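Working through the structure, step by step
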Amino acid sequence: MHRQSDDNKSSSDSLREAGDAGALEAMISRAARAGKGAAPVDKWNPDFCGDLDMRIAADGTWFYMGTPIGRAALVQLFSSVLRKDEDGRTYLVTPVEKVGITVEDAHFIAVEMTVTGQGDTQILTFRTNVGDVVEAGEDHPLRFEDEPATGGVKPYLLVRGRLEALLSRALLYQLVDLGETIRIDGVDMFAVRSKGTVFPIMPVEKLEALAAADDE
């Protein structure tokens, strides 16, 4: 059993019942390294204390008790204690408490991409809406999920732990401009490279069918 300091007891007793985002900020600040990147949440194993009325919308907007959180610094602080567990759920985690939140799509939105190098030396670096800067590669793969509504794909980047960022539509177009045909397991795939890793987007045959449909 862990001994808790007075501050940790206060956090454990009140985190789920905090009446406003400001109260949450004060509690999480005691556990997180505010302004210094993500906290070491993977090393913490607190008890589950229930669900919190917090939601990350599909467009990346954070809501608390139904109200958008407008302060970017506050969203960044909350994001520093996010963790997605093996059960598929996402939590805010401190050393003494774990509370569940709702995520409609991805945890973050990738809003900027820079490209350095060419061919096998090419590196795609992304910035998220909460300030993470990540180089796509073996440790931070890109994946592409079919989007039935449009016939296209939705691109995701692994940021940290099991947390992903959805690439903005503008970044998807930039990726398409960087794409090339690469034969993978006997199939011609439209793909992109970063840090020596190839990330297939879709079969070339499907891409050509989509392009033909757009021209009709």
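If you're wondering where the values come from, they're calculated on a predicted model, not measured in any experiment.

**With respect to the pattern of salt bridges**
If you walk through the whole model with that rule in mind, you get 16 salt bridges. Across the salt bridge formed by Arg89 and Asp51, the nearest N and O atoms sit 2.8 Å from each other. In this pair, Arg89 is assigned in the loop between strand E4 (82-84) and strand E5 (90-93) and Asp51 in strand E1 (residues 48-56), connecting sequence segments 38 residues apart. A salt bridge links Glu135 to Lys195; the nearest nitrogen and oxygen atoms lie 3.2 Å apart. Here Lys195 lies in the loop between strand E14 (187-194) and strand E15 (197-203) and Glu135 lies in strand E9 (residues 133-135), a separation of 60 residues in the sequence. Accessibility expressed as a relative area gives 34% for Glu135, which makes it partly exposed. Connected through shared salt-bridge partners, Arg83, Asp85 and Lys98 make up one network.

**So, the sheet that holds strand E8 (residues 123-128)**
Strand order in the open sheet made by the six strands is E9-E8-E7-E12-E11-E10, with mixed pairing throughout. Here the strands that pair on one side only, and so sit at the sheet edges, are E9 and strand E10 (142-147). Along the sheet, successive strands turn relative to each other by an average axial angle of 40°, direction set aside. Pairing geometry for E8 and E9, over three bridges, is antiparallel. In the strand pairing of E9, Phe126 is matched with Val134. Most of the contacts of helix H4 (residues 169-178) go to strand E7 (residues 108-116), to which it runs at about 30°, and overall it touches E7, E8, E10, strand E11 (152-160) and strand E12 (163-167).

**Concerning the sheet that holds E14**
Spatially, three strands are ordered E13-E14-E15 in an open sheet, and the strand pairing comes out antiparallel. Pairing within the sheet leaves two strands with one partner each, and these edge strands are strand E13 (180-184) and E15. Put simply, the sheet's adjacent strands are angled 55° from each other on average, direction ignored. Relative to E14, E13 is paired through five bridges, and the arrangement is antiparallel.

**A few points about the environment of Met113**
By the element assignment, Met113 lies in strand E7. Measuring from C-alpha to C-alpha, the distance between Met113 and Glu135 comes to 9.5 Å, with 22 residues separating the pair along the chain. For Met113, the residues in contact, after removing those within four places along its chain, are Leu124, Thr125, Phe126, Leu171, Gln174, Leu175 and Leu178.

**Examining the packing of aromatic side chains**
According to the stated counting rule, one finds two aromatic pairs in the structure shown. Relative to Tyr91, the ring of Phe48 lies with its centre 5.8 Å away and its plane at 80°, an arrangement referred to as edge-to-face. Taken together, the residues span a long stretch of sequence, with Phe48 in strand E1 and Tyr91 in strand E5 at a distance of 43 residues. Its relative accessible area of 44% is what places Phe48 among the partly exposed residues. Judged by its relative accessible area of 4%, Tyr91 falls in the buried class. Plain terms: the ring middles of Trp62 and Phe78 are 6.3 Å apart, the flat faces sit at 35° to each other, and that makes the pair tilted. With Trp62 in strand E2 (residues 62-64) and Phe78 in helix H3 (residues 72-79), this pair connects stretches of sequence that are 16 residues apart. Across this residue pair, the class does not change: Trp62 and Phe78 are buried.

Thresholds applied
- Within each chain, residues carry numbers counting from 1 in the order of the written sequence.
- Where local features are concerned, this predicted model is filtered to residues with pLDDT of at least 70; where side-chain atom pairs are given and counted, the filter is 80 or more; whole-chain, interface and lining totals use all residues.
- Side-chain measures were taken over the full set of non-hydrogen atoms in the model, leaving aside hydrogen atoms and water.
- The salt bridge definition used is simple: a Lys or Arg side-chain nitrogen within 4 Å of an Asp or Glu carboxyl oxygen.
- Think of it this way: any DSSP run of H or I at least four residues long counts as a helix, any run of E at least two long counts as a strand, and we number them from the N terminus.
- Burial classes: relative accessible area under 20% of the type maximum marks a residue as buried, over 50% as exposed, and values in between as partly exposed (1.4 Å probe, protein chains only).
- The rule for pairing is simple: two strands pair if DSSP sees at least two bridges between them.
- To get an axis, fit a line to the C-alpha atoms, keeping to the stretch in contact for a helix; angles then go from 0 to 180 degrees between the N-to-C directions.
- Two residues form a contact once any of their heavy atoms are found within 4.5 Å.
- The rule is short: rings of Phe, Tyr and Trp, with Trp giving its six-membered ring, pair when the centres are within 6.5 Å, and they are stacked under 30 degrees, edge-to-face over 60, tilted in between.

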